[in-house]
Amino acid sequence: MKKLIVLHGATNCKSSNYGDYLYGELIYKYLKEKSYNVIFYQPSDFFKKHIPGYTGICGRKNPAAVLYVPGGYFGEGHNASFRENIIHFLRFMPLGIWASFRHTPMAVIGVGAGPNNCRLLTYGVKRICNHSEFVSVRDNISYEAIKVLCPKANLYNCSDLIVSSLPYLRQNNTKQISEIIKSRGNRKILLIHYSNNRLALSLFAKAAKAFIKSHPDYFVVVSSDSCLENEYELFSRFKEIFGEACGHFNYDDPAEFTALLQQADMVLTCKLHVGVVSCCYGKSVIAAACHPEKTKRFYEQISTPDRCVSLFETTTDELSQLLEKFYLAQIRIPDSLINKAQMSWTLLDNFLNTLDR
């Protein structure tokens, strides 16, 4: 009988987030190719719909192992309230705590960690990391955060798993992609991604308007990176502020969104993984981060810290200046960072070998 591995991360609670989906699909596919039986813990309908061939059943089912997939959930959100930390704990920690008491083999791969001020969340992180065969993190700050909490944990300082996984990202070139390519004509694409954040929407629309006046050879396309109930309301508001013709990509398929990122020339985003994937494709990226504590770490890793500012401290003028400064400057991910990301895959292989003994 195939051994069962349960995956968990930001893959539950109606999640449709692009970055979290990529993590889940990459590791799911990797394990399935090695002939494991793989399920997600409480997967969202979005994951069940889009993971190729997914037929898993929710629940623990006495697994041979529990694997926490990458994500930034081993730290608190930006200015998180006590209530938000409680919800955070209930979403991510119970499975790992359960596995630790049952002595189920467990590993944590490529997570972001810190800040860690909530005692309940800290308990969960410590319990999981101290009972994991290995913990790999995606940046120096995460490494130090876990090292302080769990000095005896088998801890490795790696980088974002996606950095070493670009060839394995699926692309789906759909009719929607073709229509965007047709609409842009000979112009380059400036992709605007404000997610569900109205502050980002307003700032980005004004900055894009100023940029397009000086650079009519660019065509603006707007997209989110998750399924939003108010998608069209937000886009209407963007068009009202922007005041120019622009394209709209309706997010529903992560592979289709990956195809869009490859088509873009420049990206203005408020979140991490739209920027990470775009950087991996060599695009010019500006980030006004809604989670600056986490997002700034990546741009520091790739030696372009000036490309990332806090959404809550920036202005339209600053974003306009950044667009002007970097619009011709493509990003190249250092080989050293790709090698560090690959380390997490090596650690995962070693973990799987222990299961098969």
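See above for the structure.
Residues numbered from 1 in each chain as written. Predicted model: local features only at pLDDT ≥ 70, side-chain atom pairs only at ≥ 80, totals over all residues. Heavy atoms only, no water.

(A) Just helix α10 (residues 254–263), in detail. Most of α10 sits inside the fold, with 8 of its 10 residues counted as buried. A distance of 3.0 Å separates the backbone nitrogen of Ala255 from a side-chain oxygen at the start of α10, and that oxygen is part of Asp253. (Buried < 20%, exposed > 50% of the residue type's maximum accessible area, 1.4 Å probe, protein only. Helix = DSSP H or I, 4+ residues; strand = E, 2+ residues; numbered from the N terminus. Polar contact = N/O pair within 3.5 Å; in protein donor to acceptor, adjacent residues only side chain to side chain.)

(B) Expanded view of the packing of aromatic side chains. Counted under the stated rule, the structure contains 22 aromatic pairs. Judged by centre distance (4.7 Å) and plane angle (85°), the ring pair of Tyr18 and Phe257 falls under edge-to-face. Taken together, the residues Tyr18 in helix α1 (residues 18–33) and Phe257 in helix α10 connect sequence positions 239 residues apart. Ring geometry for Phe134 and Phe351: centres 6.2 Å apart, planes at 75°, overall edge-to-face. Taken together, the positions of Phe134 in the loop between α5 (119–130) and β6 (135–137) and Phe351 in helix α14 (residues 335–355) put the pair 217 residues apart, joining distant regions of the chain. Judged by its relative accessible area of 3%, Phe134 falls in the buried class. Given the relative accessible area of 4%, Phe351 is considered buried. Between Arg127 and the ring centre of Phe101, over which it is positioned, the NZ or CZ distance is 3.8 Å. (Phe/Tyr/Trp six-rings, centres within 6.5 Å; stacked < 30°, edge-to-face > 60°. Lys NZ or Arg CZ within 6 Å of the ring centre and 35° of its normal.)

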